[in-house]
Amino acid sequence: MAELAEAAHAAVDNGAAALTVQEYITHHLAYLTYGRHVDGSWGLAHTPDEAMDMGFWSIHVDTLGWSIFIGAAFLLFFRYIGKRATVDTPGGMQNFVEMIFEFVDARVAEGFNGKNPLIAPLALTIFVWIILMNTMDLVPVDWITGLASLVGEYVFGLEHMAFKIVPTTDVNITMGMSLSVFALILYYSIKMKGVGGFLRELAFHPFGKWMLPFNLIIEVPTLLAKPISLGLRLFGNLYAGELLFLLIASMLGIVQLPAHFVWAVFHLLVIPLQAFVFMMLTIVYLNAAHETRDH
Amino acid sequence: MSFNLTFIGQSIAFFVFWWFCQAKVWPLFANILEQRRQKIADGLEAGARGEKDLELAQASVIKQLKEVKARAATIIDQANKRASQIVDEAKDQAREEGQRIIAGAKAEIKQEFNRAKESLREQVSAIAIAGAEKILESSIDQAANEEMLSKLAAEL
């Protein structure tokens, strides 16, 4: 089905304004951006260049919208299941949600030694939210994007309206999460160890106080690398996956049918793995932040 | 691929979702799983208790059975004893009764014999008197010889 839609879309494009491979991919990698134009007015960007010119004062309506929609849907669904859940014999969906719940709970119990009841809900939120955002990558690249383009063209008069549906292929989304985690690392480090304790950890480890500059050179980048690697790892994996779907869709013609399938199967491994890695690293980092004894 | 407000928006969403999850989602499942854990623990405990009760009950049954058997044995013993006693008593009574009957019969026989002897004696004396009367005919005075005849009758 995906590929049929793809082919139909390509045919339309061939008939009307034919897209080159480069244009096709650029179109798919652009965001539906709302922000402040160069002239000071606010509105949707009509071209990728216009979006670039908006700079910081712009927002990716598509990825952030999907991100919030997916997160809210997941939490409301879980709450709905939780409200109807019974102690006795769990039904299908309740069983499924409990399975995820217990999986996350077990990971937190293993990886987090402190006593903070907020960490497990955080891990659950991160894990399920990211899995679902990543899963959007399995929706054929032209289904929703193509439909949105048509809506954009005929309803809003935007030619080649961009509409990305995989939030985790937007570095703003992944870094938004990883820097939030970083903020939590700093918050809990200072809360548990005090400002002095936190700074001591940076300055007097691992070589003792006489090697303070070296300690700082080692520890500060280590600390800063945490959120950056966390966010960019997720972004890189999903961006690469999305890009390969786009390349397959734009270059392989009819051969894309099996190619899409094969890549989707590989991607099925990446989707939960990256969510899992993000969750585990968050747990490990926050565990280190709660660690008060010297080591 | 530049940083913009999306990043801020995602961060806000992150914290809002976290808050919602810890306040409205996590406790529901934590609560249910804890309740279920408790229920299972209770069930297992009840099972163990039941098993123990069964063990105790079996032990008590065995004990009671033993007691009952012992009691039954004594009862049977006593009954046997009593039965033989009754039989013995009955034998004794029967023997006594028999002897009494025999004694009665003997006494009766003796009485009858005496009575027959008496009557025979009377008849003999009457015959003797009648004979003597015939022999003596009129010469003998009945009244004068009464004493002698009575002596004769007593001697017979």
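Above: the structure in question.
Computed from a prediction, not measured in an experiment: that's the story for all the values here. For every chain, the first residue of the written sequence is number 1, and numbering continues from 1 onward in sequence order. To read the labels, note that chains go from A and ligands from 1, taken in the order they are written. Confidence filtering applies because this is a predicted model: local features only for residues at pLDDT of at least 70, side-chain atom pairs given and counted only at 80 or more, and all residues used for totals across whole chains, interfaces and linings. Here the side-chain values reflect all heavy atoms present in the structure, with hydrogen atoms and water set aside.

Q: Just to check I follow, could you spell out the overall build of chain A for this structure?
A: The secondary structure content of chain A amounts to 10 helices and 3 strands. Here a strand is any run of E in DSSP of at least two residues, a helix any run of H or I of at least four, and the numbering for each starts at the N terminus. In chain A, the order of α-helices and β-strands from amino to carboxyl end is α-α-β-β-α-β-α-α-α-α-α-α-α. With respect to the principal axes defined by its C-alpha atoms, chain A has extents near 70 × 55 × 40 Å. Residue burial is assigned from relative accessible area. The probe radius is 1.4 Å, only protein chains are included, and a residue is buried under 20% of its type maximum, exposed over 50%, and partly exposed in between. Here chain A holds 295 residues, and the buried ones make up 48% of them.

Q: Sorry if this is basic, but what is going on with helix 7 (residues 143–156) of chain A here?
A: Expected span, for any helix, means 1.5 Å times one less than how many residues it has. The end-to-end C-alpha separation of helix 7 of chain A is 19 Å, in line with the 20 Å expected for 14 residues at 1.5 Å each. Positive backbone phi, approximately 70 degrees, marks A:Gly157, located one or two places after helix 7 of chain A.

Q: Even after reading the chapter, I still don't get the interface of chain B and chain A, so can you show me in this structure?
A: The contact definition used throughout considers only heavy atoms, calling two residues in contact when any of these lie within 4.5 Å. Contacts between chain B and chain A engage 30 residues on the former and 52 residues on the latter. Together chain B and chain A conceal approximately 3,900 Å² of surface at their shared face, both sides included; 76% is due to carbon and sulfur atoms. By convention, the term buried area covers the 1.4 Å-probe accessible surface removed from two parts as they join, with the contributions of both added. Broken down residue by residue, the surface that chain B buries against chain A is led by B:Trp18, B:Trp26 and B:Phe29, which jointly contribute 19%. We count a salt bridge whenever a side-chain nitrogen from Lys or Arg sits within 4 Å of a carboxyl oxygen from Asp or Glu. The interface formed by chain B and chain A holds 2 salt bridges in total. The partner of B:Lys39 in a salt bridge is A:Asp88, with the nearest N and O atoms 2.0 Å apart. Polar contact criterion, stated in full: a pair of N or O atoms within 3.5 Å, where within protein one must be able to donate a hydrogen and the other to accept it, and residues adjacent in sequence count only if both atoms are side-chain atoms. The interface formed by chain B and chain A contains 15 residue pairs in polar contact (both at pLDDT 80 or more).

Q: Hey, could you run me through the side chain of B:Arg36 in this one?
A: By the secondary structure assignment, B:Arg36 is in helix 1 (residues 5–136). For B:Arg36, the side chain forms a polar contact with the side chain of A:Glu98, separated by 2.7 Å. Residue contacts for B:Arg36: discarding those within four places in its chain leaves A:Thr86, A:Val87, A:Asp88, A:Pro90, A:Gln94 and A:Glu98.

Q: Looking at this structure, how should I read the packing of aromatic side chains?
A: Two aromatic rings, taken as a pair, are described by how far apart their centres are and by the angle between their planes. Two rings belonging to Phe, Tyr or Trp (six-membered ring only in the last case) form a pair when the distance between their centres is within 6.5 Å. Interplanar angles under 30 degrees mark stacking, angles over 60 mark edge-to-face geometry, and anything in between is tilted. In total, this model carries 20 aromatic pairs over all chains according to the counting rule given. With a centroid separation of 6.4 Å and 65 degrees between ring planes, the pair formed by A:Trp66 and A:Phe163 is classed as edge-to-face. One end of the pair, A:Trp66, is in helix 4 (residues 61–84); the other, A:Phe163, is in the loop between helix 7 and helix 8 (171–203), and 97 residues separate them in sequence. Through a chain of ring-to-ring contacts, the aromatic side chains of A:Phe74, A:Phe77, A:Phe78, A:Phe101, B:Trp26 and B:Phe29 assemble into a single cluster.

Q: Quick question: what am I supposed to make of empty space enclosed by the protein here?
A: One water molecule sets the probe size; rolling that probe over the atoms shows where empty space is left. All names here are of chain A. Any residue with an atom within 4 Å of a point lines the site, the site being either a cavity, points on a 1 Å grid over the protein atoms alone where a 1.4 Å probe fits but cannot get out, or a pocket, an open set with protein on both sides within 12 Å along at least 5 of 7 lines. Grid points are joined across faces, edges and corners, and a volume is the space filled by probe spheres set on the points. This structure, assessed with the given rule, holds 1 cavity of 30 Å³ or more. A volume near 40 Å³ is recorded for the largest cavity. His28, Val141, Thr145, Phe163, Lys164, Ile165 and Glu242 are the residues that line the largest cavity. Looking at the lining of the largest cavity residue by residue, the classes come out as 3 nonpolar, 2 polar and 2 charged. Three classes are used: nonpolar for Ala, Val, Leu, Ile, Met, Phe, Trp, Tyr, Cys and Pro, charged for Asp, Glu, Lys and Arg, and polar for all others, with Gly counted as polar.

Q: Mind showing me how you'd approach the pairing of strand 1 (residues 33–36) of chain A here?
A: Regular strands have side chains that alternate between both faces of the sheet. Residue and element names in this part refer to chain A. Pairing between strands is defined by DSSP: at least two bridges between them are needed. Across 3 bridges, the pairing between strand 1 and strand 3 (residues 58–60) is antiparallel. Each bridged residue has a counterpart across the sheet, and for threonine 33 the counterpart in strand 3 is histidine 60. Pairing of strand 1 with strand 2 (residues 42–44), which is carried by 3 bridges, proceeds in the antiparallel orientation. From the neighbouring strand, arginine 36 faces strand 2, where its bridge partner is tryptophan 42. Counting the residues in the hairpin turn of strand 1 and strand 2 gives 5 residues, including glycine 40, whose phi is positive at 100 degrees.

Q: Could you clarify how one ought to interpret the nonpolar core in this entry?
A: Nonpolar side chains tend to gather and get buried jointly when the protein is soluble and globular. Counting residues in each nonpolar core, the largest one holds 66 residues, and the members touching the most others are A:Phe78, A:Trp129 and A:Met177. Listing elements by their share of this core, those giving two or more residues are helix 4, helix 5 (92–111), helix 6 (119–135), helix 8, helix 9 (212–251) and helix 10 (256–290) of chain A together with helix 1 of chain B. The element that contributes the greatest number of residues to this core is helix 6 of chain A, accounting for 12 residues. When sequence neighbours within four positions are dropped, the list of residues in contact with A:Trp129 reads A:Ser67, A:Ile70, A:Gly71, A:Phe74, A:Leu124, A:Met177, B:Gln10, B:Ala13, B:Phe14 and B:Phe17. Working definition of a nonpolar core: buried Ala, Val, Leu, Ile, Met, Phe, Trp, Tyr and Cys residues. They are joined through side-chain atoms within 4.5 Å. Judged by nonpolar contacts, the second largest core, of 9 residues, contains A:Leu29, A:Val141, A:Phe245 and A:Leu246.

Q: So what exactly am I meant to see when it comes to the packing of helix 4 of chain A against helix 1 of chain B here?
A: Each pair of packed helices gets described by two things: the angle between the helix axes and the distance between those axes. To define axes, lines are fitted to C-alpha atoms, for helices over the stretch in contact only, and angles between the resulting N-to-C directions are given on a 0 to 180 degree scale. Remark: helix 4 of chain A packs on helix 1 of chain B, axes separated minimally by 9 Å, with the N-to-C direction vectors making an angle of 10 degrees. Taken together, the axis directions place helix 4 of chain A and helix 1 of chain B in an arrangement best described as roughly parallel. Of the residues contributing to the contact of helix 4 of chain A with helix 1 of chain B, the split by class is 15 nonpolar, 7 polar and 3 charged. Relative orientations are named as follows: roughly parallel for angles under 35 degrees, roughly antiparallel for angles over 145 degrees, roughly perpendicular for angles from 65 to 115 degrees, and oblique for any other angle.

Q: Looking at this structure, I do not really get a nonpolar patch on the surface. What am I missing?
A: A cluster of nonpolar side chains, A:Tyr34, A:Trp42, A:Phe56, A:Trp57, A:Val61, B:Phe3, B:Ile8, B:Ile12 and B:Val16, forms an exposed patch at the surface whose accessible area comes to about 830 Å². The greatest single-element share of the nonpolar patch, amounting to 3 residues, is contributed by helix 1 of chain B. Here B:Ile8 falls in the partly exposed class, since its relative accessible area comes to 35%. Each patch is built from residues lacking any salt bridge and having more than 30% relative accessible area; the joining distance is 9 Å for like charges and 5 Å for nonpolar side chains (Val, Leu, Ile, Met, Phe, Trp, Tyr). Only the protein chains shown count as covering a residue, and every accessible area follows the Shrake-Rupley method with a 1.4 Å probe.

Q: Explanation requested: the sheet that holds strand 1 of chain A in the structure shown.
A: In a beta sheet, neighbouring strands pair by backbone hydrogen bonds and run either parallel or antiparallel. Residue and element names in this part refer to chain A. One open sheet holds the 3 strands; their spatial order is 2-1-3, and the pairing between them is antiparallel. Each having just a single partner strand, strand 2 and strand 3 make up the two edges of the open sheet. With direction set aside, neighbouring strand axes in the sheet form an average angle of 15 degrees. Along the sheet, helix 4 contacts strand 1 and strand 3; its crossing angle with strand 3, the most-contacted strand, is approximately 55 degrees.

Q: How should the pattern of salt bridges be read in this particular structure?
A: Any two side chains of opposite charge can pair, on the condition that their charged atoms come close. Across all of its chains, the model carries 10 salt bridges over all chains by this definition. In this structure, B:Arg36 and A:Glu98 form a salt bridge, with 2.7 Å as the shortest nitrogen-oxygen distance. Here A:Glu98 lies in helix 5 and B:Arg36 lies in helix 1, a pairing that spans two chains. Judged by relative accessible area, B:Arg36 falls into the buried class, the value being 14%.

Q: Even after reading the chapter, I still don't get the packing of helix 9 of chain A against helix 10 of chain A, so can you show me in this structure?
A: All names here are of chain A. It is at 10 Å that the axes of helix 9 and helix 10 come closest, and there the two elements cross at 170 degrees. Overall, the two elements helix 9 and helix 10 adopt an arrangement that is roughly antiparallel. When grouped by side-chain class, the residues that make up the contact of helix 9 with helix 10 number 15 nonpolar, 8 polar and 2 charged.

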